[in-house]
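Coordinate analysis (summary)
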Amino acid sequence: MALKKVRVFSDGAARGNPGPGGYGAILSFVDAKGGTHIKELSCGYSCTTNNRMELLGVIVALEALKSPCDVVVVTDSKYVVDAFNQHWIDGWLKRGWKNSKKEPVANIDLWKRLLAAMGAHEVHFEWVKGHAGHPENERCDELATAAADGDNLIEDSAYMASISR
């Protein structure tokens, strides 16, 4: 049986580094009857970084999928794309690299969560420069910015714990 094809668009925003941040994500897929479905997700965090928000946008979108899918993640984050396409994540998690120039220890919790969210999905990462004509990525940026500027921020306790060591 062929896997359902899903496109995930994501973006993250942060006010300062660290500072209040937010993610925006959009799930887009076509059902068996040819109907197009779009689901928007966003949330704001206090005391966090842009990279963490970029990761969370992808994670929550993948976690929202109920069955295995063929997923293309479209993001303007070279950080997220390069981590997989250049195999940085193998070094951080499988070989135990610490405090490398490319990955602070503060994000390891999210890389583990992302790998778990990928689960049975077939996931491909696609980088777009500055959203490159993808209105979905522009919308994700709007969602992420609104979440970062909102009044309902969640404390990023994993990040705070990692910097207090």
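Our subject is the structure that appears above.
About the thresholds
Residues numbered from 1 in each chain as written. Predicted model: local features only at pLDDT ≥ 70, side-chain atom pairs only at ≥ 80, totals over all residues. Heavy atoms only, no water. Pairing = 2+ DSSP bridges. Helix = DSSP H or I, 4+ residues; strand = E, 2+ residues; numbered from the N terminus. Contact = heavy atoms within 4.5 Å. Axes fitted to C-alpha atoms, helices over the stretch in contact; angles between N-to-C directions. Phe/Tyr/Trp six-rings, centres within 6.5 Å; stacked < 30°, edge-to-face > 60°. Lys NZ or Arg CZ within 6 Å of the ring centre and 35° of its normal.

Here we look at the sheet that holds strand E6 (residues 154–155)
The sheet built from six strands is open, its strands ordered E5-E4-E1-E2-E3-E6 with mixed pairing. The open sheet is flanked by strand E5 (122–127) and E6, the only strands paired with a single partner. Direction of pairing for strand E3 (residues 36–48) relative to E6: parallel, over a ladder of two bridges. Considered in E6, the bridge of Ser-46 is made with Glu-155. The sheet strands contacting helix H5 (residues 135–149) are strand E1 (4–14), strand E2 (19–30), E3 and strand E4 (69–75), and the helix crosses E2 at an angle near 145 degrees.

Some words on the packing of aromatic side chains
Any aromatic ring pair is given by two values, namely how distant the centres are and how the planes are angled relative to each other. Summed over the entire model, instances satisfying the criterion amount to four aromatic pairs. Ring pairing ties together the aromatic residues Tyr-79, Phe-84, Trp-111 and Phe-125, which thus form one cluster. Here Lys-4 stacks its cationic end above the ring of Phe-29, 4.2 Å away from the centre of that ring. Lys-78 extends its terminal NZ or CZ atom over the ring of Trp-127, reaching a point 4.6 Å from the ring centre.

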